[in-house]
Amino acid sequence: MECAFCAVVAGAAPAHRVLDDRVAVAFLDRRPLFPGHVLVVPRAHHPTLADLPVAEVGPFFLRVQRVAVAVERGLGAAGSFVAANNRISQSVPHLHVHVVPRNPKDGLRGFFWPRGTYPDEAGAAEVAARLRAALGPSE
């Protein structure tokens, strides 16, 4: 079975990338909770967090941390929600961490959150550009 996230990493599937380095690729979720909802995936295919080699955990989560800071700074969010599913509710069997901008009274309650779409490709591209700028230069 072909992995949708491996296709994004390889450049074979379109995505609005906000980070792309030797460790991870981060891109906008196609069905975001809010604009700026990013998925961070390791370059190599690992289905779950438990499958990620120990030596790669630190480098990978440093990228997750950088993206979380960029989401807050780049979008003026008061905070962020960072989470990963392992198997249950994991729509793509490739480890991915959700980084979602949060603000007081944003309407999210518990884990029953409505998904939306970007109004158009230009809107998604603009949000991705803001996050890339907030990330700063790559290593």
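The rules behind these values
- Residues numbered from 1 in each chain as written.
- Predicted model: local features only at pLDDT ≥ 70, side-chain atom pairs only at ≥ 80, totals over all residues.
- Heavy atoms only, no water.
- Helix = DSSP H or I, 4+ residues; strand = E, 2+ residues; numbered from the N terminus.
- Rg over C-alpha atoms; globule rule 2.2 N^0.38 Å.
- Buried < 20%, exposed > 50% of the residue type's maximum accessible area, 1.4 Å probe, protein only.
- Contact = heavy atoms within 4.5 Å.
- Lys, Arg positive; Asp, Glu negative; His and termini not counted.
- Charge placed at Lys NZ, Arg CZ, Asp CG, Glu CD.
- Patch = residues over 30% accessible without salt bridge, like charges linked within 9 Å, V, L, I, M, F, W, Y side chains within 5 Å.
- Areas by Shrake-Rupley, 256 points an atom, 1.4 Å probe, with all protein chains shown as cover.
- Salt bridge = Lys/Arg side-chain N within 4 Å of Asp/Glu carboxyl O.
- Phe/Tyr/Trp six-rings, centres within 6.5 Å; stacked < 30°, edge-to-face > 60°.
- Disulfide = S-S within 2.5 Å.
- Core = buried A, V, L, I, M, F, W, Y, C linked by side-chain atoms within 4.5 Å.
- Expected span 1.5 Å × (residues − 1).
- Arc of directions from axis to C-beta.

*Asks:* Explanation requested: the overall build of the protein chain in the structure shown.
*Replies:* The helix and strand inventory of the protein chain stands at three helices and five strands. Taken from the N to the C terminus, the helices and strands of the protein chain come in the order α-β-β-β-α-β-β-α. Relative to a compact globule of 139 residues, whose C-alpha radius of gyration would be 14 Å, the protein chain shows 14 Å and is just as compact. Here the C-alpha coordinates of the protein chain stretch approximately 35 × 35 × 25 Å along the principal axes. By the burial criterion, 41% of the 139 residues in the protein chain qualify as buried. Considering only residue pairs separated by 6 or more positions, the protein chain has 62% of its internal contacts joining residues 24 or more positions apart. Averaging the positions of the 15 positive and the 12 negative side-chain charges in the protein chain gives two centres separated by 5 Å.

*Asks:* Before we go on, may I ask you to explain a nonpolar patch on the surface in this structure?
*Replies:* On the surface, a nonpolar cluster with roughly 190 Å² of combined accessible area is contributed by Leu49, Val57 and Phe61. By the element assignment, phenylalanine 61 lies in helix α2 (residues 54-75). Judged by its relative accessible area of 31%, phenylalanine 61 is partly exposed.

*Asks:* When you look at the packing of aromatic side chains in this model, what are you seeing that I'm missing?
*Replies:* The relation between two aromatic rings is expressed through the spacing of the ring centres and the mutual angle of the planes. Under the definition given, this model contains two aromatic pairs. For the ring pair phenylalanine 5 and phenylalanine 27, a centre distance of 5.5 Å and an interplane angle of 70 degrees mean the geometry is edge-to-face. With phenylalanine 5 in helix α1 (residues 4-10) and phenylalanine 27 in strand β2 (residues 24-28), the pair connects residues that are 22 residues apart, well separated along the chain. Phenylalanine 27 gets classed as buried once you look at its relative accessible area, which sits at 4%.

*Asks:* Got a minute to help me understand the state of the cysteines in this structure?
*Replies:* Here is the idea: a disulfide is a covalent bond, and it sits between the sulfur atoms of two cysteines. Following the criterion strictly, the structure yields zero disulfides and no others. Considering cysteine sulfurs only, cysteine 6 is the nearest to cysteine 3, which forms no disulfide, with 3.7 Å between them. On the basis of relative accessible area, cysteine 3 is assigned to the buried category, the value being 11%. Among the residues examined, cysteine 6 registers a relative accessible area of 25% and is labelled partly exposed.

*Asks:* I keep staring at the pattern of salt bridges and nothing clicks. Help me out?
*Replies:* Opposite charge on two side chains lets them pair, provided their charged atoms get close. Within the structure shown, the criterion is met by five salt bridges. Among the salt bridges present, the one from aspartate 106 reaches arginine 102, with a minimum N-O distance of 2.5 Å. When the shortest N-O distance is used, the salt bridge between arginine 130 and glutamate 126 registers 3.9 Å. Of this pair, arginine 130 and glutamate 126 both sit in helix α3 (residues 121-135), four residues apart, which is roughly one turn of the helix. Residues joined by salt bridges that share partners form a network here, namely Arg17, Asp20 and Arg43.

*Asks:* Help me out: how do you make sense of the nonpolar core in this one?
*Replies:* In this structure, Val18, Leu28, Val38, Val40, Phe60, Val67 and Val99 are the most contacted members of the largest nonpolar core, which totals 24 residues. Among the nonpolar cores identified, the runner-up in size contains nine residues, and Phe5, Val8, Phe27 and Val92 belong to it.

*Asks:* Whenever I open this one, α2 confuses me. Can you help?
*Replies:* With 22 residues, α2 should cover 32 Å at 1.5 Å per step; its first-to-last C-alpha distance of 32 Å lies within 8% of that length. Here α2 has its buried residues at Phe60, Arg63, Val64, Val67, Ala68, Ala70, Val71 and Gly74. Seen from one end, α2 has its buried residues packed into an arc of 165 degrees, which puts them on one side. Facing away from the buried side of α2 by over 90 degrees, the exposed positions are Val54, Ala55 and Arg73. Residues of α2 that are buried sit in contact with β1 (17-20), β2, β3 (38-42), β4 (79-83), β5 (97-102) and α3.

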